[in-house]
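Summary of the model geometry
Given next are the chains, with one letter for each unit.
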Amino acid sequence: MPTLAPNPLLDLQPFPSEGYADIVDRLAVLLGTSNDVLLVQGEAIVALEAAATSLGQPGLTAINIVTSPYGHMFGSWLRRAGTTVVDVIAEPGLPVTVDAVRSALDANPDARLLALVHAESASGILNALEQIAALARERGILTVIDAVASVGGHALDTDALGLDVVVIGAQKSLGGSPGLSAISISPAAWSLAGHAAAPTGSILSLLDHRRLWLDTGRGALPGMPSALEFWALRAALERVETEGLPALIARHVRAADATRSSLAALGLTPWVAPDHASNLVTAARLPDHLAASQVLAATGHSSGLSVGVGSIAERLVRLNHTGGNASFEQVLANVVALGGALASLGEQVDIGAAAETVADAYRVNRAS
Ligand SMILES: *Cc1c(COP(=O)(O)O)cnc(C)c1O
């Protein structure tokens, strides 16, 4: 037998069984909730599919707001579970309007569920969570919120806004690993999830989580939890708590402000107005004669830049400043890489002025 070299990824301490409840309690603080919180052992898309599959049911009408491919998927999972789904589809790259949501609610008085993505990294938009949640609350409609990207980058006050189901992951603004996700669930949402046809004996079953983990006192998780992922989530939470949630959100605000304000020197404009923009990603509108893939190729495919999503993919470049990328260094690198690419394509840009704008935004009390 050859001697096997110790490996820090493989030869891990087991994760302590009392550690799961501790992690959940810390996630509940980030969510601002006293509702039940469940751990889902999978990336956030699995938690979203579990929520849609468990809540969706024949006889239920749901308003599903679509501002990215995630909303499309959520609607398809609700439909698969037998739900009557009314999609409210926003203009490409824009948030849904509160009026469009109000109209859909007025036209569907039998709706009992509303699904919404809080902030989108796919397009860099922020949906009007507070106002939309208020519309749902007034009508007694349950809300399911995809806050995977927004948690840590925007305020997320689950209980203050009366959000019934909120899905989060660690891999975006929280700067963690993608292998674990969490769902908070209000008592009213548990009632909806407890219908006769609800899935059980399934990885997508919320009722299984309740029976096997909540009802047994939140000790050991059923199955074979990944110690690697739990140690990583605990480390991510420790880092977030050390920085502090308000400071983490402020770091995203600063990165977004610095990025947006530098665009003018590159001859670009932000795709959306500041109050409709997420703090995670900035979408910069390109001049009509340039395609995003051409600009990206000219950067040598700089890691912080990407093309858009959907029908407007080639019309904009996304500058990523999420999680660890919400830093002076990354914002500056994004702006300079984009400016260099535009210059190489013959555009009139002032890269120095753009860089100076970023430096100015970080000058006071630079905390990145
Ligand atoms: C990233 C993201 C997801 C899904 O995350 P995965 O890492 O693909 O599981 C869901 N919703 C939103 C809004 C996201 O940004």
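Residues numbered from 1 in each chain as written. Predicted model: local features only at pLDDT ≥ 70, side-chain atom pairs only at ≥ 80, totals over all residues. Heavy atoms only, no water.

**Some details on the overall build of the chain**
- Assigned secondary structure in the chain consists of 13 helices and 11 strands.
- By the compact-globule yardstick of 21 Å for 368 residues, the chain fits well, its C-alpha radius of gyration being 22 Å.
- Oriented by its inertia axes, the alpha-carbon framework of the chain measures out at about 70 × 65 × 40 Å.
- Taking all 368 residues of the chain together, the buried fraction comes to 53%.
- Counting contacts in the chain only where the partners sit at least 6 residues apart, residues at least 24 apart contribute 69% of the total.
- Just so you have it, the chain exposes about 15,500 Å², and 56% of that area is on carbon and sulfur atoms.
- Side-chain charges of the chain comprise 21 positive and 34 negative groups, with the mean position of each set lying 1 Å from the other. (Helix = DSSP H or I, 4+ residues; strand = E, 2+ residues; numbered from the N terminus. Rg over C-alpha atoms; globule rule 2.2 N^0.38 Å. Buried < 20%, exposed > 50% of the residue type's maximum accessible area, 1.4 Å probe, protein only. Contact = heavy atoms within 4.5 Å. Areas by Shrake-Rupley, 256 points an atom, 1.4 Å probe, with all protein chains shown as cover. Lys, Arg positive; Asp, Glu negative; His and termini not counted. Charge placed at Lys NZ, Arg CZ, Asp CG, Glu CD.)

**Comments concerning the site of the ligand**
- Among the 14 residues in the neighbourhood of the ligand, the closest are listed as Glu43, Ile45, Asp146, Gln171 and Lys172.
- A distance of 2.5 Å is found between an oxygen atom of the ligand and a side-chain nitrogen or oxygen belonging to glutamate 43.
- One nitrogen or oxygen atom from the side chain of serine 121 is found 3.0 Å from an oxygen atom belonging to the ligand.
- In the complex, the protein chains occlude 90% of the 380 Å² of accessible area that the ligand would expose alone.
- Tallying contributions element by element places helix α2 (residues 44-55) first for the shell around the ligand, with three residues. (Near = heavy atom within 4 Å. Polar contact = N/O pair within 3.5 Å; in protein donor to acceptor, adjacent residues only side chain to side chain.)

**Digging into the layout of surface pockets**
- Taken as a whole, the largest pocket holds about 290 Å³ of empty space.
- In terms of lining residues, the largest pocket is bounded by 13 residues, among which Gln41, Ser202, Ile203, His209 and Pro222 are the most central.
- Here the lining of the largest pocket takes four residues from helix α8 (residues 206-214), the largest share from any one element.
- Residues that form the lining of the largest pocket fall into these classes: eight nonpolar, four polar and one charged. (1 Å grid on protein atoms, 1.4 Å probe; cavity = no way out; pocket = protein on both sides within 12 Å on 5 of 7 lines; lining within 4 Å. Points joined across faces, edges and corners; volume = space filled by probe spheres on them. Nonpolar A, V, L, I, M, F, W, Y, C, P; charged D, E, K, R; others polar.)

**Some remarks on the domain arrangement of the chain**
- One can read the domain layout of the chain as domain 1 (18-242) and domain 2 (244-367).
- Domain 1 and domain 2 are separated by 29 Å when their C-alpha centres are compared.
- At the interface, 27 residues of domain 1 touch 21 residues of domain 2.
- At the junction of domain 1 with domain 2, the criterion picks out zero salt bridges.
- Classifying every residue of the side of domain 1 that touches domain 2 gives 13 nonpolar, 11 polar and three charged. (Domains from an automatic or database assignment. Salt bridge = Lys/Arg side-chain N within 4 Å of Asp/Glu carboxyl O.)

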